[in-house]
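Summary of structural features
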Amino acid sequence: DVKVTQSSRYLVKRTGEKVFLECVQDMDHENMFWYRQDPGLGLRLIYFSYDVKMKEKGDIPEGYSVSREKKERFSLILESASTNQTSMYLCATSGPQDTQYFGPGTRLTVL
Amino acid sequence: SQQGEEDPQALSIQEGENATMNCSYKTSINNLQWYRQNSGRGLVHLILIRSNEREKHSGRLRVTLDTSKKSSSLLITASRAADTASYFCATDAWAAGNKLTFGGGTRVLVKP
């Protein structure tokens, strides 16, 4: 079974802090994704990566950056956290069959 | 706006009843997928149906796809309390660079 782990289930940060959310997968998948999920808005794609050191902007990249130094690890970075980035963050990975496998999510609160 | 939009937004049924939810989308797709999300957790893939397929079954799940109407339905038969979750459709289209685009989800409550 594919396993996707995220570094924290719950995280509380202050406005202006730099925040790192890490995602690790164990299935040697090429593709990795970061989404945020907000009530009434569904899942929105922030960034994705099809290979090591490769990154592409999703639908809402503003205020975020990513890093993919190793195939199994995809990090989401909030350079200066703001209260409107309070959300559930979901990492996903996919192989050649198009199905995405999700981590358990990180619920981030920015005070 | 979202490519996939589910209807209804919320559904409440008794255990043993069937639950049906629909998904509409706007542009041509390669495939459509359904995912389930239990409260506060990540999404779990349920079923994928390709654009050249019309119906697919997996256990108590039945998915239909009507590309002429740009819509899909997910039917859960003989529902159980454990089916209580949010259900999302997601579309994969060439126009979107093969990224998945998710709808807003249908919240299903199955009462024992």
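Procedures and definitions
Residues numbered from 1 in each chain as written. Chains lettered and ligands numbered in written order. Predicted model: local features only at pLDDT ≥ 70, side-chain atom pairs only at ≥ 80, totals over all residues. Heavy atoms only, no water. Helix = DSSP H or I, 4+ residues; strand = E, 2+ residues; numbered from the N terminus. Contact = heavy atoms within 4.5 Å. Buried area = accessible area lost by both parts, 1.4 Å probe. Salt bridge = Lys/Arg side-chain N within 4 Å of Asp/Glu carboxyl O. Polar contact = N/O pair within 3.5 Å; in protein donor to acceptor, adjacent residues only side chain to side chain. Buried < 20%, exposed > 50% of the residue type's maximum accessible area, 1.4 Å probe, protein only. Pairing = 2+ DSSP bridges. Axes fitted to C-alpha atoms, helices over the stretch in contact; angles between N-to-C directions. Core = buried A, V, L, I, M, F, W, Y, C linked by side-chain atoms within 4.5 Å. Disulfide = S-S within 2.5 Å.

**With respect to unusual backbone geometry**
Residues and elements named next belong to chain B. Omega for the peptide link from Asp7 to Pro8 comes to -5 degrees, which places this bond in the cis form. Along the chain, Pro8 falls in the loop between strand 1 (5–7) and strand 2 (10–14). With a phi close to 50 degrees, Lys70 is a non-glycine residue in the positive phi region.

**Let's talk about the environment of Tyr35 of chain A**
Relative to the helices and strands, Tyr35 of chain A is located in strand 4 (residues 31–38). Sequence separation of Tyr35 of chain A and Cys91 of chain A is 56 residues, and the distance between their C-alpha atoms is 6.3 Å. If we ignore the near neighbours within four places in the chain, the residues touching Tyr35 of chain A are Leu43, Arg44, Leu45, Ile46, Met88, Tyr89, Leu90, Ala92, Gln100 and Phe102 of chain A together with Leu100 and Phe102 of chain B.

**Side note on the interface of chain A and chain B**
The interface is formed by 20 residues belonging to chain A together with 20 residues belonging to chain B. In terms of surface lost to chain B, no three residues of chain A exceed Leu43, Asp98 and Phe102 of chain A, which account for 29% of the buried area on that side. Counting across the interface, chain A meets chain B through 0 salt bridges. Run the count over chain A and chain B and you get 4 residue pairs in polar contact (both at pLDDT 80 or more). The element contributing the most residues to the side of chain A that touches chain B is strand 5 (residues 42–49) of chain A, with 4 residues.

**Some points on the pattern of salt bridges**
Residue and element names in this part refer to chain A. A full pass over the atoms with the stated rule returns 11 salt bridges over all chains. Notably, a salt bridge pairs Lys18 with Glu79, separated by 3.6 Å at the nearest N-O pair. Pair noted here: Lys18 is in the loop between strand 2 (10–13) and strand 3 (19–25) and Glu79 is in the loop between strand 8 (73–78) and strand 9 (87–94), with a separation of 61 residues, a long-range link. The class for Lys18 is partly exposed, based on a relative accessible area of 44%. The exposure class assigned to Glu79 is partly exposed, which follows from its relative accessible area of 44%. Residues Lys71 and Asp28 are paired through a salt bridge, measuring 3.1 Å at the closest nitrogen-oxygen approach.

**Considering the sheet that holds strand 1 (residues 4–6) of chain A**
All names here are of chain A. Pairing is antiparallel in the open sheet, where 4 strands are placed in the order 1-3-8-7. Strand pairing shows two members of the sheet lacking a second neighbour, strand 1 and strand 7 (64–70), which therefore form its edges. Each adjacent strand pair in this sheet contributes to an overall mean axis angle of 20 degrees, direction not counted.

**Focus: the nonpolar core**
One broad trend across soluble globular proteins is that nonpolar side chains are buried collectively. Core analysis: the largest hydrophobic core is formed by 21 residues, its most contacted members being Met21, Leu32, Trp34, Leu46, Leu74 and Tyr87 of chain B. Elements that contribute at least two residues to this core include exactly strand 3 (19–24), strand 4 (31–37), strand 5 (43–50), strand 7 (61–66), strand 8 (71–76), strand 9 (85–92) and strand 11 (106–111) of chain B. The contacts of Leu32 of chain B, once residues within four sequence positions are left out, are Cys23, Tyr25, Ile47, Leu48, Ile49, Leu65, Ser72, Cys89, Ala90 and Thr91 of chain B. The next biggest cluster of nonpolar side chains, apart from the first, holds 20 residues, and it includes Leu21, Met32, Ile46 and Tyr64 of chain A.

**Observations concerning the state of the cysteines**
In total, this model carries 2 disulfides over all chains according to the counting rule given. For Cys23 of chain A, the disulfide goes to Cys91 of chain A, at an S-S distance of 1.9 Å. Its S-S torsion of about -75 degrees marks the bond between Cys23 of chain A and Cys91 of chain A as left-handed, since a negative value means left-handed. Separated by 68 residues along the polypeptide, Cys23 of chain A in strand 3 and Cys91 of chain A in strand 9 bring together distant segments of the chain. By relative accessible area, which is 0% here, Cys23 of chain A ends up buried. Cys91 of chain A gets classed as buried once you look at its relative accessible area, which sits at 0%. At a sulfur-sulfur separation of 2.0 Å, the disulfide partner of Cys23 of chain B is Cys89 of chain B.

Interpretation in functional terms is not warranted from these geometric data alone.
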